[in-house]
Amino acid sequence: MNFSTIFGGKLPLFISLVPLREVPKLGFLPFFHQKRRFRSGFSKKMALDVERCEVGVESKLGLVHSATEFYADEAIAALKAGKVIAVPTDTLYGFACDACSAEAVDRIYEIKGRKHTSPLAICVGDVPDIKRFAVTGHLPHGLLDSLLPGPVTVILGRGESSILETSLNLGLGSIGVRVPDCDFIRIIARGAESALALTSANLSGQPSSVSIKDFENLWEHCAYVYDGGVLPAGRAGSTVVDLTKPGRYRILRPGSAKEETVAILQKYSLLEETWSG
C-alpha cells in the first residue's frame, strides 16, 4: 500500500476531522521526498514506522467522515449490510441501522446497553414513506406534511400491512416515526429503501450527544461515524406526540418543539387527550 498516495489524498479530511492536538508527529513525511539520501537499513526501519502509523491513520479516516452527500453511498452500503452507523439529525446524534434487520437492531441495543423492552423509533426519507410502516389513514389530510420534516416523533399504529421486522419493538402495536429536517439522514434513508431504526447515540441513561466527541467511546462499535458538527438544538431531543387515536393527540415528551407542534395539531382541530389515573 502506497502510504504517501493514501495520506496525501485524504490529508484535508484528516485535518478537518481530527483536532491538531491528536495528530501524531508526522516526522516521516520528508522521507518520501528525500529517501535517496538515507541508507538502505534506515529506509527499512522508516518503512516499518510508516506502516505502523498508516494503520492508525487509516483506522481514523475509515471510521469518521463528514455528513455530506459524498459519503451517502458508503453509508447506504453499510446499512444494507446490516451495520450500525452514527449520524446527525436535526436534534441529536443517533445510531441508525436497517429497521427490517433483526440482527442490526439487536446490535443497536447491545451498543447502548439498552433493554429490548425500550422501543426504538424509525426514520424514513419522506413523509409519503410513512404509510409503508404505520397507519396514517385516520389523520387529517396535510397534518403529517405540516409536522414533518422536523424535530417531531409521531407515534402511530403499526397496522397489519407494516413491512417492519416483527421483532422490532416486539409486543407493541405502535411505532415512533421520524422524518428529520436533515439532508444526510434523509438521503441515506431513501437510498437504503427501508426504514432506519434510530435512537440517540449514547449509552442508555447517559446524556444525549450533540457532537461526535460526546460518544467517542462508542465509535468503535459503528461501521462509520458521520460528523455534522455541533448540533444547535440542545439535548432536549424531538417532541414525541401520540397520534394513534383519531382526532386526538397526547404529548409524550415536550422535546425541542412542543409549542410549534401543539399549534399545528390544534390548527387541524385535534384535541388533547388528558392523562387518566
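Just so you know, these numbers come straight off a predicted model, no measurement behind them. (Residues numbered from 1 in each chain as written. Predicted model: local features only at pLDDT ≥ 70, side-chain atom pairs only at ≥ 80, totals over all residues. Heavy atoms only, no water.)

A.B. asks: Go over the side chain of Arg-158 with me, naming the residues and quoting the values.
C.D. replies: Topologically, Arg-158 is positioned in the loop between strand S5 (152-157) and strand S6 (174-178). There is a polar contact of 2.4 Å between the side chain of Arg-158 and the backbone oxygen of Leu-168. Sequence-distant contacts of Arg-158, defined by excluding residues within four places in its chain, comprise Phe-133, Ala-134, Val-135, Leu-164, Glu-165, Thr-166, Leu-168, Asn-169, Leu-172, Gly-173, Ser-174 and Ile-175. (Helix = DSSP H or I, 4+ residues; strand = E, 2+ residues; numbered from the N terminus. Polar contact = N/O pair within 3.5 Å; in protein donor to acceptor, adjacent residues only side chain to side chain. Contact = heavy atoms within 4.5 Å.)

A.B. asks: Describe in detail the confidence of the model for the protein, supporting the description with residues and values.
C.D. replies: The pLDDT averaged across the protein works out to 82; a share of 77% of its residues lies at or above 70. Predicted confidence for residues 1-59 stays below pLDDT 50, and this span has 43 contacts to residues more than four positions away or in other chains. (pLDDT = per-residue confidence, 0-100.)

A.B. asks: Would you mind going over the packing of aromatic side chains in detail, with residue names and values included?
C.D. replies: Two aromatic rings are characterised by how far apart their centres lie and by the angle between their planes. Counted by the stated rule, this structure contains five aromatic pairs. Between Tyr-93 and Phe-215 the ring centres are 5.9 Å apart and the planes differ by 45°, which places this aromatic pair in the tilted class. Within this pair, whereas Tyr-93 is found in strand S3 (residues 93-98), its partner Phe-215 is found in the loop between strand S7 (196-200) and strand S8 (224-227), the two being separated by 122 residues in sequence. Since its relative accessible area comes to 1%, Phe-215 is described here as buried. Ring plane angle 45° and centroid distance 5.0 Å describe the contact between Phe-184 and Tyr-226, whose orientation is recorded as tilted. (Phe/Tyr/Trp six-rings, centres within 6.5 Å; stacked < 30°, edge-to-face > 60°. Buried < 20%, exposed > 50% of the residue type's maximum accessible area, 1.4 Å probe, protein only.)

A.B. asks: Describe a negative patch on the surface, and please don't skip the residues or the numbers.
C.D. replies: A cluster of acidic residues, Glu-69, Asp-73, Asp-181 and Asp-183, forms a negative patch at the surface. Structurally, the position occupied by Asp-181 is in the loop between S6 and helix H7 (183-192). Judged by relative accessible area, Asp-181 falls into the exposed class, the value being 53%. (Patch = residues over 30% accessible without salt bridge, like charges linked within 9 Å, V, L, I, M, F, W, Y side chains within 5 Å. Areas by Shrake-Rupley, 256 points an atom, 1.4 Å probe, with all protein chains shown as cover. Salt bridge = Lys/Arg side-chain N within 4 Å of Asp/Glu carboxyl O. Lys, Arg positive; Asp, Glu negative; His and termini not counted. Charge placed at Lys NZ, Arg CZ, Asp CG, Glu CD.)

A.B. asks: Outline the environment of Leu-170, supporting the account with residue identities and numerical values.
C.D. replies: Relative to the helices and strands, Leu-170 resides in the loop between S5 and S6. For the pair Leu-170 and Ser-118, spaced 52 residues apart in the sequence, the C-alpha separation amounts to 9.9 Å.

A.B. asks: Give me the pattern of salt bridges: which residues, what numbers.
C.D. replies: Counted by the stated rule, this structure contains eight salt bridges. Between Asp-90 and Arg-178 there is a salt bridge; the shortest N-O distance is 2.7 Å. Taken together, the residues span a long stretch of sequence, with Asp-90 in the loop between strand S2 (85-88) and S3 and Arg-178 in strand S6 at a distance of 88 residues. Here the two residues Asp-90 and Arg-178 agree in accessibility, since each one is buried. Here Lys-213 ties to Glu-216 by a salt bridge, and the two come within 3.4 Å at their closest N and O atoms. Residue classification places Lys-213 among the partly exposed residues on the basis of a relative accessible area of 33%.

A.B. asks: I'd love a proper account of the nonpolar core, names of residues and values included.
C.D. replies: Phe-95, Ile-122, Ile-130, Val-154, Phe-215, Val-225 and Leu-243 are the most contacted members of the largest nonpolar core, which totals 52 residues. Only S3, helix H5 (102-112), helix H6 (143-147), S5, S6, strand S10 (248-253) and helix H8 (258-267) provide two or more residues apiece to this core. When residues of this core are assigned to their parent elements, the largest contribution, five residues, is made by H5. Contact partners of Ile-130, with chain neighbours within four places excluded, come to Val-124, Thr-136, Leu-144, Leu-148, Leu-156, Val-177 and Val-179. Core analysis: the next-biggest nonpolar cluster, separate from the first, contains 19 residues, Tyr-71, Ile-76, Ile-85 and Phe-184 among them. (Core = buried A, V, L, I, M, F, W, Y, C linked by side-chain atoms within 4.5 Å.)

A.B. asks: Account for the pairing of S3, naming residues and giving values.
C.D. replies: In terms of burial, S3 is a largely internal element, six of the six residues being buried. As judged from the four bridges shared by S2 and S3, these two strands associate in the antiparallel manner. Its bridge partner being in S3, Ala-86 is matched across the sheet by Phe-95. Linking S2 to S3, which pair antiparallel, is a turn of four residues. Here S3 runs beside S7; their pairing, made up of five bridges, is antiparallel. For Gly-94, the partnering residue across the bridge sits in S7 and is Ser-200. (Pairing = 2+ DSSP bridges.)

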